[in-house]
Amino acid sequence: MAFEMVALGDSIMWGQGLDPANKFSTLVKNWLQNKVGDTVNLHPFAHSGAIISPHPDDHLGQALGREVPNKAPSITWQVDKVTNTQNINLVLVDGGINDLSLEVLLNSLTGEAAIGNWVENRLRNLMKDLLEKVVATFPNAKIIVTGYYPIVSPATNLNPLAGLLTLFGHQHNALNFLVSEGLQPVFHFSLFHPILTRLSNQCKVFYDQSNIVFTNLVNGINAITPNRATFAQIPFNNNNSYGASNTLLWLIGELDQVSLERATQCSLATIPPKLTCLDAATGHPNVDGARLYADTITNLLPALGF
């Protein structure tokens, strides 16, 4: 009998900017193929921009290409669209960062406290509901929840940071933050040290506290059904973040592996703005980043019985 696995979630799980062969879900599939000896079928439902919360447009289904950022269909909807759920052996799932939104996370006016409060009070509840649904829907599956990474760190170079803020339209917010710090309000990367500090702190809060939330939720699942689930905490260091010396993320303007395919998909979409859509791989794991995800996951699989 074939081994069945599903990938549910957002652009990280989808593998934004990557050829299918380099997506971490495919790499995990290949690892399993060598281990279990049977055919391994991967069923990807994840797509760019997906949120956890049910969305009013969920009923429209996967109308846009999966490289096109769009909140719908939600990850909750994705769970409902899997068929033969009794036969699923492994579920890979992530979610949450789009419910917060990168526009909020990478806004220097947001603040660490607001990020921490959102993770504790909103992300916890969203993921709790989602994981309860996953556990009930796939009664015979092991579940791996994958984490996120600090997009910006103290090792992020200032010039790439300026480009990242431009992509998300945060020039005005950055200027206002400089004014609040008593600095000259000029949008120039040489003045971005305080902005870098603020954003790296916000990203660290999201990374650290989401890891705690995901770990606790998985522990809760295992308290009821031992060895049912595990959390894959992604071991990014500062130099792996955006624009750092050993970044594992696609950079703005970098030609990723599906740039042309995404451009075609973006041209057919009315949302989001096409410029943002064209650069949608920015900040997502590149080939090496996807390999790190895959290695982290496959290192956990033997403990789940694979």
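Right above here is the structure, for reference.
Residues numbered from 1 in each chain as written. Predicted model: local features only at pLDDT ≥ 70, side-chain atom pairs only at ≥ 80, totals over all residues. Heavy atoms only, no water.

J.: How do you make sense of the environment of Asp10 when you look at a structure like this?
T.: Within the element layout of this structure, Asp10 appears in the loop between strand 1 (3-8) and helix 1 (11-14). Look at Asp10 and you get buried, because its relative accessible area is 0%. As a C-alpha pair, Asp10 and Gly49 span 39 residues in sequence and 5.8 Å in three-dimensional space. Among all residues touching Asp10, those that are not within four sequence positions of it are Ala46, His47, Ala50, Ile75, Asp94, Gly95, Gly96, Ile97, Asn98 and Tyr148. (Helix = DSSP H or I, 4+ residues; strand = E, 2+ residues; numbered from the N terminus. Buried < 20%, exposed > 50% of the residue type's maximum accessible area, 1.4 Å probe, protein only. Contact = heavy atoms within 4.5 Å.)

J.: Which parts of the structure should I look at to understand the side chain of Thr282?
T.: Residue placement: Thr282 occurs in the loop between helix 11 (274-278) and helix 12 (287-298). Take Thr282: its relative accessible area is 7%, and that puts it in the buried class. When neighbours within four sequence positions are excluded, Thr282 is seen to be in contact with Leu164, Leu167, Tyr242, Trp250, Leu251 and Ile252.

J.: Looking at this structure, I do not really get the pairing of strand 1. What am I missing?
T.: Note on strand geometry: in a regular strand, side chains alternate between the two faces of the sheet. Counting buried residues in strand 1 gives 6 out of 6 residues, a clear majority hidden from the surface. Of the two faces of strand 1, both are covered, the one formed by Phe3, Met5 and Ala7 as well as the one formed by Glu4, Val6 and Leu8. In this structure, strand 1 lies alongside strand 3 (residues 90-93), joined through 4 bridges in parallel fashion. By the bridge assignment, Ala7 is partnered in strand 3 with Leu92. (Pairing = 2+ DSSP bridges.)

J.: Can you help me understand the state of the cysteines in this one?
T.: Chemically, a disulfide is nothing more than a covalent bond linking the sulfur atoms of two cysteines. A complete count under the given rule lists 1 disulfide for this structure. With a sulfur-sulfur separation of 1.9 Å, Cys266 is cross-linked through a disulfide to Cys277. On the S-S bond that ties Cys266 to Cys277, the torsion sits near -80°, and the link is left-handed. Of this pair, Cys266 sits in helix 10 (residues 259-268) while Cys277 is found in helix 11, placing the two residues 11 residues apart along the sequence. (Disulfide = S-S within 2.5 Å.)

J.: Help me understand the sheet that holds strand 3, please; the structure alone is not making it clear to me.
T.: Hydrogen bonds along the backbone pair up the strands of a sheet, which may run parallel or antiparallel. Spatial ordering of the open sheet is given by 2-1-3-4-5, a layout of 5 strands whose pairing is parallel. Of all strands in the sheet, those bounded by a partner on one side alone are strand 2 (40-44) and strand 5 (229-232). When the angles between neighbouring strand axes are averaged without regard to direction, this sheet yields 20°. By the bridge criterion, 4 bridges tie strand 3 to strand 4 (residues 142-146) in an arrangement that is parallel. Bridge pairing in strand 4 places Val91 opposite Ile143. Against the sheet, helix 6 (residues 112-137) engages strand 3 and strand 4, with an angle of about 155° to strand 4. (Axes fitted to C-alpha atoms, helices over the stretch in contact; angles between N-to-C directions.)

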